[in-house]
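Residues per chain are reported as follows:
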Amino acid sequence: MTNGKDPALRWRELAELVEDARRRYYVSDAATLSDIEYDRLYRELEELEAAHPELISADSPTQQVGGERSEMFEPVEHLQRMLSLDNAFSLDELDAWAARIEKDLGSSPPMLCELKVDGLAVDIVYENGRLRSLATRGDGRTGEDVTYNVRFLPSIPRTLTPAPGHPVPDLVEVRGEMYFQLADFDALNDEMLALGRTPFANARNAGAGTLRQRVDRREDELASALERGSTSIDRLQLDLDRAVRRLELLKLVVHGIGVWNGHAPTSQAEAYEALRGWGLPTSDRARVVASTREVHEFIGYFGEHRHDVEHEIDGVVVKIDNLATQDRLGSTSRAPRWAIAYKYPPEVVRTRLLNIEVNVGRTGRVTPFAVLEPVKVAGSTVSMATLHNEQEVRRKGVLIGDLVFLRKAGDVIPEVLGPVVEERDGTERAFVMPTLCPSCGTTLAPAKESDVDIRCPNQRSCPSQLRERVFHLASRGALDIEGLGFKAAVALLDDGVISDEGDVLGLSAENLRGSAFFTRDGGEAERPLTANAEKLLVELEAAKSRPLWRVIVALSIRHVGPTAAQALAREFGDLDRISAASVEELSSVDGVGSIIAEAVLDWFSVDWHRAVVEKWRLAGVRLAQERVAAGPRPLDGVTVVITGTIEGWSRDDATLAVQEAGGKVSGSVSKKTDFVVVGENAGSKLDKAIALERPVLDASGFVVLLEHGPDAARAVATIGTP
């Protein structure tokens, strides 16, 4: 643990590192360590002190509330001390805390679970129902007075309104979290990058940097400049407008109480009810539970659905609900014994940008991507991340060799947020976009003058584009051919079994024997096919009968995804009619538009593209579908999500049935979803449907929807809350 160093020396190093990280995090609002790095240092310090108790002192970071007050603001003494929270990084640690509580009390008390918002802790005091002060947490005893900025914060009420059963106390101190919604946070980081500054690593830093602005000084500077007739008036006005605009976007959620003079609640949940009644924003996701099993369920649910929340969360806070029990359990020098924060694996980490390389996609687009020093984020090891295009590389301001902030957006896509500018040492170098295709050597250029992307124009024979198109046509969103993965696509092309994607659906057993990838060594003149190859032949035959929209997606027409393909198939019903349509006819289709229409027209104008279609036609691929009679259809304007295995329906047949009735099938649940049709193994889409209170139909309800329309379906739908 001490790496061979003297424990006292290592303690001093760790204490200094933690204090420096806290100062940058709480005071400068410019963290240079990720959450996981800070947590690792802090945990090592705790373990070192546990092994060497003689090292513990009142100055140790483990004995203090994180943060300190900046000298930019006047000090505010909190009426009651604001404490930090102890953390649990596993369910075992959480259960150990709950077991200690149960041992102390002799029973397991009700607990309140709420989301841990990644924002800035604040202390708000109301006297006789009127706001007296707004302060940051600071060191827990003394914070910074930011009351002046309240006039720009619409989420904080200036006065409290009495509620039935909950009179407003003469004096009440509440604690809450100021935060940015995700969309506003992303827009703010875009603004930071445009200004050439390090982006905020997380929403907490963004919130802190925004709330702790001296807007009064900006106003004074502008007034003075106006008096002097200064040439800097426009810049100062812009800075002031930007500061005010950011403040107006800040939101508040109240999650605690300090001093309360008057009729006091008996539980945390009752306190939230009173606060909400007075006009203070509280979370509608907080829940009182009776067991650790229910705590686990709450943590598990939001661990899976954390990206459905409108703001960043980094965990779940668990509190003993009864306030008298909280008082009985008390606190340590830095944290209450009656509460703990369960921390989800952090999604923002730091790592080294080793290089920037490029990839050539199926439509010829050349995309830069980051080659990273492998780092674990959101439960998996990441070594590469997309950078989208050359302009995005410049916008983010990243250099090869930079230490960068990395996050895993939606638990799926790794994204480089930006550089840690303060860590540069001069050895970093700029990325230069190649001028020749790295796969075929063709000169790269934008497809159109207005394009931000550059492309390889050698669409027909560029090896990278060929591989990607073959792999794409077999994907779940296209013809869904199991057994035709990326390695199989490469083998078919490299071994000369196919020349392009047009040959794929006409493959025979004899063709596959031409590649060692699909055969077994048996010493026979005619090498036997592998089991996977046999299965591939069956899948290829099934793919020939896929719905028309899947065939359209498989063609790799630029801009044409499943939604546009479904619209085209529904409107025209025949690939030949689509290929013969004009831009005006194509763009008039709901969900298509002029850009997609022009892309479709351009695609069918190329000889070898039409040759691909003819090869598929000769192989027996279905290129048309039955069309319903024109006129009003029962599901016009209705959006349906289908999830799970619907009894009596394949996914494609169910989708086609909705489309033929005039409806739209979406892949995700939102407030705009009209119906969610669920079968076995429905998964997270059902959870989201329940959370958003969207009408849910089973297989029989689906039949009602198709045969009798949306009004009848609503009568048999179920709607509930989790």
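The structure displayed is predicted, hence computed values, not measured ones. (Residues numbered from 1 in each chain as written. Predicted model: local features only at pLDDT ≥ 70, side-chain atom pairs only at ≥ 80, totals over all residues. Heavy atoms only, no water.)

Broken down by element type, the chain carries 25 helices and 20 strands. Out of the 722 residues in the chain, the part that is buried amounts to 50%. For the chain, the share of sequence-separated contacts (at least 6 apart) that also reach a separation of at least 24 residues comes to 67%. Working note: accessible area of the chain is about 33,400 Å², and carbon and sulfur atoms make up 49% of it. (Helix = DSSP H or I, 4+ residues; strand = E, 2+ residues; numbered from the N terminus. Buried < 20%, exposed > 50% of the residue type's maximum accessible area, 1.4 Å probe, protein only. Contact = heavy atoms within 4.5 Å. Areas by Shrake-Rupley, 256 points an atom, 1.4 Å probe, with all protein chains shown as cover.)

Moving on, we come to the packing of aromatic side chains. Under the defined criterion, the tally for this structure stands at eight aromatic pairs. Between phenylalanine 298 and phenylalanine 302, the aromatic rings sit 4.9 Å apart at their centres with planes inclined by 50°, giving tilted as the arrangement. Here phenylalanine 298 and its partner phenylalanine 302 are both found in helix H9 (residues 292-304), four residues apart, which amounts to about one turn of the helix. You'll find phenylalanine 298 and phenylalanine 302 in the same group, each marked buried. A centroid spacing of 5.7 Å and a plane angle of 90° characterise the contact between phenylalanine 471 and phenylalanine 486, whose relative ring orientation is edge-to-face. Placement of the pair is phenylalanine 471 in helix H12 (residues 463-473) and phenylalanine 486 in helix H13 (residues 486-494), with a sequence separation of 15 residues. Residue classification places phenylalanine 471 among the partly exposed residues on the basis of a relative accessible area of 35%. Members of the aromatic cluster, joined through ring pairs, are Phe298, Tyr301 and Phe302. (Phe/Tyr/Trp six-rings, centres within 6.5 Å; stacked < 30°, edge-to-face > 60°.)

With a phi angle near 55°, asparagine 128 is a residue other than glycine that sits in the positive phi range. Note that asparagine 128 resides in the loop between strand E4 (120-127) and strand E5 (130-136). Unlike most non-glycine residues, aspartate 480 shows phi in positive territory, near 55°. Structurally, aspartate 480 is set in the loop between H12 and H13. Residue classification places aspartate 480 among the partly exposed residues on the basis of a relative accessible area of 30%.

Quick look at the pattern of salt bridges now. With the rule as written, the count across this model stands at 26 salt bridges. The closest approach of N and O atoms between aspartate 308 and lysine 688, which form a salt bridge, is 3.7 Å. Of this pair, aspartate 308 sits in the loop between H9 and strand E10 (313-320) while lysine 688 sits in helix H23 (residues 684-691), and the two are 380 residues apart along the sequence. Arginine 610 serves as the salt-bridge partner of aspartate 607, at 2.4 Å between the closest nitrogen and oxygen. Taken together, the residues aspartate 607 and arginine 610, both in helix H21 (residues 607-619) and three residues apart, mark about one turn of the helix. Residue arginine 610 is classed as partly exposed on the basis of its relative accessible area, which comes to 36%. Taken together, the shared-partner salt bridges in this structure form one network comprising Asp186, Glu392, Arg395, Lys396, Arg407 and Glu415. (Salt bridge = Lys/Arg side-chain N within 4 Å of Asp/Glu carboxyl O.)

Next up on the list: the environment of glutamate 127. On the secondary structure map, glutamate 127 appears in strand E4. Between the C-alpha atom of glutamate 127 and that of proline 169, which follows or precedes it by 42 residues, the distance is 7.9 Å. With residues near it in sequence (within four places) discarded, glutamate 127 still touches Arg132, Asp170 and Leu171. Among the polar contacts made by the side chain of glutamate 127, one reaches the side chain of arginine 132 at a distance of 3.3 Å. (Polar contact = N/O pair within 3.5 Å; in protein donor to acceptor, adjacent residues only side chain to side chain.)

Counting through the fold element by element, lysine 319 comes out in strand E10. By relative accessible area, lysine 319 is classed as buried at 7%. Among the polar contacts made by the side chain of lysine 319, one reaches the main-chain carbonyl oxygen of histidine 255 at a distance of 2.4 Å. Once residues lying within four places of it in the same chain are set aside, the contact partners of lysine 319 are Pro110, Met111, Leu112, Glu114, His255, Gln268, Tyr272, Trp338 and Ala339.

The strand order E2-E11-E10-E3-E9 describes an open sheet built from five strands, whose pairing is mixed. The sheet is open, and its two borders are formed by strand E2 (87-88) and strand E9 (287-289), each paired with just one other strand. Relative to E9, strand E3 (residues 111-117) runs antiparallel, the two being bridged by three bridges. Across the sheet, the residue bridging to methionine 111 is valine 289, located in E9. Along the sheet, H9 contacts E3, E9, E10 and strand E11 (339-343); its crossing angle with E3, the most-contacted strand, is approximately 20°. (Pairing = 2+ DSSP bridges. Axes fitted to C-alpha atoms, helices over the stretch in contact; angles between N-to-C directions.)

One can find arginine 455 in the loop between strand E16 (413-419) and H12. Residue arginine 455 is classed as buried on the basis of its relative accessible area of 8%. Taking the C-alpha atoms as reference points, arginine 455 and glycine 361, separated by 94 residues in sequence, lie 8.9 Å from one another. Setting aside residues up to four positions removed in sequence, arginine 455 forms contacts with Thr363, Gly364, Arg365, Val366, Thr443, Leu444, Ala445, Ala447 and Arg558. A polar atom in the side chain of arginine 455 sits 3.1 Å from the side chain of threonine 363.

We now examine the packing of helix H6 (residues 215-228) against helix H7 (residues 233-249). For any two helices packed against each other, the geometry is given by the interaxial angle and the distance between the axes. It is the contact of H6 with H7, at a shortest axis distance of 9 Å, that shows an interaxial angle of 155°. With respect to each other, H6 and H7 are oriented roughly antiparallel. Helix-helix and strand crossings are classified by hand; for H6 and H7 the assignment is left-handed. Here H6 contributes Val215, Arg218, Glu219, Glu221, Leu222, Ala225 and Leu226 to the contact with H7, which in turn contributes Ile233, Leu236, Gln237, Asp239, Leu240, Ala243, Val244 and Leu247. (Parallel < 35°, antiparallel > 145°, perpendicular 65-115°, else oblique. Left-handed = near helix turned anticlockwise from the far one by under 90°.)

Once that is clear, we can look at helix H17 (residues 562-572). Among the residues of H17, those classed as buried are Ala564, Ala565, Gln566, Ala567, Leu568, Ala569 and Phe572. Along its buried surface, H17 packs onto helix H16 (548-554), helix H18 (575-580), helix H19 (583-587), helix H20 (593-604), helix H22 (651-660) and strand E18 (664-666). Within two residues after H17, glycine 573 carries a phi angle of roughly 75°, on the positive side.

Tallied over the full model, the rule gives five cavities of 30 Å³ or more. Taken as a whole, the largest cavity holds about 50 Å³ of empty space. Contributing to the lining of the largest cavity are Gly165, His166, Pro167, Trp260, His263, Ala264, Pro265, Glu270, Ala274 and Trp278. With three residues, helix H8 (residues 268-278) is the largest single contributor of residues to the lining of the largest cavity. Here the lining of the largest cavity is built from residues that sort into six nonpolar, three polar and one charged. (1 Å grid on protein atoms, 1.4 Å probe; cavity = no way out; pocket = protein on both sides within 12 Å on 5 of 7 lines; lining within 4 Å. Points joined across faces, edges and corners; volume = space filled by probe spheres on them. Nonpolar A, V, L, I, M, F, W, Y, C, P; charged D, E, K, R; others polar.)

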